[in-house]
Amino acid sequence: MTFWAVIPAGGAGTRLWPLSRQARPKFLLDPTGAGRTLIQQTRDRLRPLTDDRVLVVTGLLHAAEVGSQLDDLPRDHILAEPSARDSMAAMGLAAAVLELRDPDAVMGAFPADHVISDPAGFRSVVTTAVSVAAESDLLVTLGIDPTHPATGFGYIRLGAALGETGAYAVEEFVEKPDAERAASYLAQGGFRWNAGMFVVRPTVLLDLLAAQDPDFAASLRALAAAPDRLDELWPTLTKISVDYAVAEPAAAAGRVAVVPGAFGWDDIGDFASLRELAGNDALNVIGPRDLVVSRDATGLVVPGSGRTVAVIGLEDIVVVDTPDALLVSSTDRAQDVKWIVDELRERAPGLL
């Protein structure tokens, strides 16, 4: 058995606009100031488990830059999508390719835009998940121990322990809750955040998909066998997430397990999350600190235009300064940045 990591690198990170753009989304950036972009950090923490057994699935627009940032990765390990078809198409294409290249493999899908503060703890959880997937026909997911009643994530309800494996049956996947339900989940226990990280044997994933949508699975396998048919077959694939296409129906059939873990996970879903990651300063600065002048102010400033940013007497503010756009928001309205993006899509698409 060999283990392969699949890194889906898609999406535009719209809630981090104007820092994240369609041409340069957050996984190609270093929004936390770590010195490595998010996709490079993803590759770094997987390297001890996989060496060069990594497939990246990304859009044609970003394939060249992904190759530049991961310059030690063989070129045929980067799969370029002609258009965005959501996570099932991306993960399914990788599964179909691996089913042909390495029939005995176990694959794990780990999005390129996550931040993990405890890489060793992460690898320990992944190792457990790989062991479970290798010895079963289960789809195994990683369940993040919740640290607060978050409303921006889906949840996983744990069932019975699966012997001494370290995994549990998944009773159900729960959609993003409101604040009251999220608080009740934490009070009850037995719930984990759904981070969209899955470990499974490629053939198991494709067979689970075939049980719901046989044409979808057949098209993915045809693509892997004949890559020259990409432009013909790709537009015919259903645009759907892995959760809806496979995970939820498989959980209802008792075919999904979860390995819980606490390893400091964040998907940087908005500027409120980015502020938390930046530290405990009253006013966190990501970028050149000498460009920020403040007094009696709290929040987050990202100076990126070369101009000086001055903030006085404002609490929980977000200021993101780029050469062609300036965002000013309160921290508690950080999720509303997506509304700005929707407006600009009609008024000024060039800014996206």
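In case you missed it, the structure is sitting above this.
Quick notes on the rules
Residues numbered from 1 in each chain as written. Predicted model: local features only at pLDDT ≥ 70, side-chain atom pairs only at ≥ 80, totals over all residues. Heavy atoms only, no water. Buried < 20%, exposed > 50% of the residue type's maximum accessible area, 1.4 Å probe, protein only. Helix = DSSP H or I, 4+ residues; strand = E, 2+ residues; numbered from the N terminus. Arc of directions from axis to C-beta. Salt bridge = Lys/Arg side-chain N within 4 Å of Asp/Glu carboxyl O. Pairing = 2+ DSSP bridges.

Peer 1: Explain helix H11 (residues 337-347) to me, please; I cannot follow it from the model alone.
Peer 2: Residues three or four positions apart in an α-helix share a direction because the helix packs 3.6 residues into each turn. Within H11, the full set of buried residues consists of Val337, Val341 and Leu344. Seen along its axis, H11 keeps its buried residues to an arc of 65 degrees; they face one direction. In this structure, H11 carries Trp339, Glu346 and Arg347 as exposed residues pointing more than 90 degrees from its buried face.

Peer 1: Any chance you could explain the pattern of salt bridges here in plain terms?
Peer 2: This structure, assessed with the given rule, holds 21 salt bridges. Between Asp336 and Arg333 there is a salt bridge; the shortest N-O distance is 2.4 Å. In this structure, Arg345 engages Asp342 in a salt bridge whose closest nitrogen and oxygen atoms are separated by 2.9 Å. Pair noted here: Arg345 and Asp342 are both in helix H11, with a separation of three residues, about one helical turn. Classification of Arg345 as partly exposed rests on a relative accessible area of 38%. One salt-bridge network, held together by shared partners, links Arg36, Arg43, Asp44, Arg47 and Asp72.

Peer 1: Hey, could you run me through the pairing of strand S4 (residues 106-109) in this one?
Peer 2: Each regular strand shows side chains that alternate between the opposite faces of the sheet. In S4, alternate side chains face the same way, and those of Val106 and Gly108 on one face and Met107 and Ala109 on the other are all buried. In the sheet, strand S1 (residues 3-9) pairs with S4 via four bridges, with the strands oriented parallel. The residue bridging Ala5 from the neighbouring strand is Gly108, located in S4. Of the strand pairs in this sheet, S4 and strand S9 (residues 191-200) are connected by three bridges, and their pairing is antiparallel. Within S9, the position partnered with Ala109 by the bridge is Phe198.

Nothing here speaks to function; it is geometry throughout.
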